[in-house]
Amino acid sequence: MTIYCIGRNYVAHAKELNNPVPEAEPVVFLKSEAAQRGIESAPVAFAGEEFHHEAELVVRVGRDIALGQAGDWDDVSHLALGLDVTRRSVQTQLKAKGLPWTTAKSFAGSAVVSPLIQKEMFSDLNAIIFTLHINGTLKQRGAVSDMIFPIPSLLTYLASLNDLRAGDLIFTGTPEGVGPLRCGDSFRLSFEREGIHWTGSF
Ligand code: MG
């Protein structure tokens, strides 16, 4: 199983970190499978550091997409919400040096994924809105319709790199509002329209 992550998929978030808005191709990076955890408390590497939360829609690939084939919503079996937990200060240093982001993005506890919800539970996939509360305060609110690269485009692009396999997860990018997250903080991830909520502890 591979965890793909998309960077800068919402204009307002790219701007809040002073990054250029991608036009032709999405920004892609990976997290290790071992970085994944659920919403319950779990061991976190670098636990004494201050992280950044990035709330994201996570899609699970439901069937293999062969190299070079186009992807579509039909290829997605489940949706979830996740936190792409980031060592922002480390990432900023790596970016300045032109180095890979791996040690800022892929470490134990850095890929928080809620329980998976069958795609059929959502009446309008393009109208999904999700929110993140930290310690009871609303921090991020994302609308799938605001994505620069919609889900079918992401699937097609990732399948231009290599086969996508059933079970692969894709973190699809974060909306604006990223900010500090520390071990012990409580968080709430919600699919707003569907009234689906998960409360966890980081
Ligand atoms: Mg992210």
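Everything numeric in this text was worked out from a predicted model, so none of it was measured.

Asks: Whenever I open this one, the pattern of salt bridges confuses me. Can you help?
Replies: Opposite charge on two side chains lets them pair, provided their charged atoms get close. Within the structure shown, the criterion is met by 9 salt bridges. Among the salt bridges present, the one from glutamate 54 reaches lysine 105, with a minimum N-O distance of 3.4 Å. Note that glutamate 54 is positioned in the loop between strand S4 (51-53) and strand S5 (55-61) and lysine 105 in helix H3 (residues 102-105), a separation of 51 residues in sequence. Across the salt bridge formed by aspartate 84 and lysine 105, the nearest N and O atoms sit 2.9 Å from each other. Placement of aspartate 84 in strand S6 (residues 76-84) and of lysine 105 in helix H3 is noted, with a sequence separation of 21 residues between them. Each of Lys31, Glu54, Asp84, Arg88 and Lys105 takes part in salt bridges that share partners, so that together they form one network.

Asks: What is the right way to read helix H2 (residues 88-97) from this model?
Replies: A turn of α-helix holds 3.6 residues, and therefore any two residues three or four places apart point the same way. Burial in H2 covers these residues: Arg88, Val90, Gln91 and Leu94. Down the axis of H2, the buried set is contained in an arc of 155°. They therefore lie on one face. Facing away from the buried side of H2 by more than 90 degrees, the exposed set consists of Ala96 and Lys97. The first or second residue beyond H2 is glycine 98, which carries a positive phi of 70°.

Asks: Can you walk me through helix H4 (residues 151-159) in this structure?
Replies: Listed as buried for H4 are Ile151, Leu154, Leu155, Leu158 and Ala159. All buried residues of H4 fall inside an arc of 125° around its axis, so they share one side. Those residues of H4 that are buried lie in contact with strand S1 (3-7), strand S2 (27-31), S5, S6 and strand S11 (169-171).

Asks: Got a minute to help me understand the sheet that holds strand S9 (residues 129-134) in this structure?
Replies: Within a beta sheet, neighbouring strands are joined by backbone hydrogen bonds and run either parallel or antiparallel to one another. Here we have 4 strands laid out as an open sheet, ordered S10-S9-S13-S14, and antiparallel in their pairing. Strand pairing shows two members of the sheet lacking a second neighbour, strand S10 (137-143) and strand S14 (196-201), which therefore form its edges. Along the sheet, successive strands turn relative to each other by an average axial angle of 15°, direction set aside. As paired strands, S9 and strand S13 (residues 186-191) are joined by 5 bridges and run antiparallel to one another. Opposite phenylalanine 130, over in S13, you have phenylalanine 191 as the bridge partner.

Asks: Looking at this structure, I do not really get the coordination of the magnesium ion. What am I missing?
Replies: Ideal donor angles around a metal are set by the shape: a four-donor tetrahedron calls for 109.5 degrees, a six-donor octahedron for 90 or 180 degrees. For the magnesium ion, the full set of protein donor atoms is Glu54 (OE), Glu56 (OE) and Asp84 (OD), and the range of their distances to it is 2.0 to 2.2 Å. For the magnesium ion, the single-chain donor residues occur in sequence as E-x1-E-x27-D. Taken together, the residues span a long stretch of sequence, with glutamate 54 in the loop between S4 and S5 and aspartate 84 in strand S6 at a distance of 30 residues. According to the relative accessible area criterion, aspartate 84 is buried, its value standing at 0%.

Asks: I'm lost on the nonpolar core in this one. Help?
Replies: Nonpolar side chains in soluble globular proteins tend to end up buried together. Counting 43 residues, the largest nonpolar core has Leu57, Leu79, Ile151, Phe187 and Phe191 as its most contacted members. Put simply, the parts of the chain that give this core at least two residues each are S1, S5, S6, S9, H4, S13 and S14. In terms of residue count, H4 provides more of this core than any other element does, 5 residues in total. Setting aside residues no more than four positions away along its own chain, isoleucine 151 makes contact with Leu57, Val59, Trp73, Val76 and Thr172.

What counts as what
- Chains are numbered independently. Their residues run from 1 in the order of the written sequence.
- Reporting in this predicted model follows two pLDDT cut-offs: at least 70 for local features of residues, and 80 or more for side-chain atom pairs to be given and counted; totals over whole chains, interfaces and linings ignore these cut-offs and use all residues.
- The basis for every side-chain value is the complete set of non-hydrogen atoms in the structure, without hydrogens or water.
- Note on definitions: salt bridges are taken to be side-chain nitrogens of Lys or Arg within 4 Å of carboxyl oxygens of Asp or Glu.
- Only DSSP runs of H or I reaching four residues or more are called helices, and only runs of E reaching two or more are called strands; each is numbered from the N terminus.
- Each residue is placed in one exposure class: buried if its accessible area under a 1.4 Å probe, protein chains only, is under 20% of its type's maximum, exposed if it is over 50%, and partly exposed if it falls in between.
- Comment: arc refers to directions from the helix axis out to C-beta atoms.
- Every residue pair with non-hydrogen atoms within 4.5 Å of one another is taken to be in contact.
- Whether two strands pair comes down to DSSP finding at least two bridges between them.
- To obtain an axis, a line is fitted to C-alpha atoms, over the contacting stretch when the element is a helix, and the angle between two such axes runs from 0 to 180 degrees between their N-to-C directions.
- Note on donors: an N, O or S atom is included if it sits within 2.8 Å of the metal, or within 3.2 Å for Na, K and Ca, and water is never included, so sites can look incomplete.
- Only buried residues count toward a nonpolar core, which is a set of Ala, Val, Leu, Ile, Met, Phe, Trp, Tyr and Cys residues joined through side-chain atoms within 4.5 Å.

Any link to function would need more than the numbers given here.
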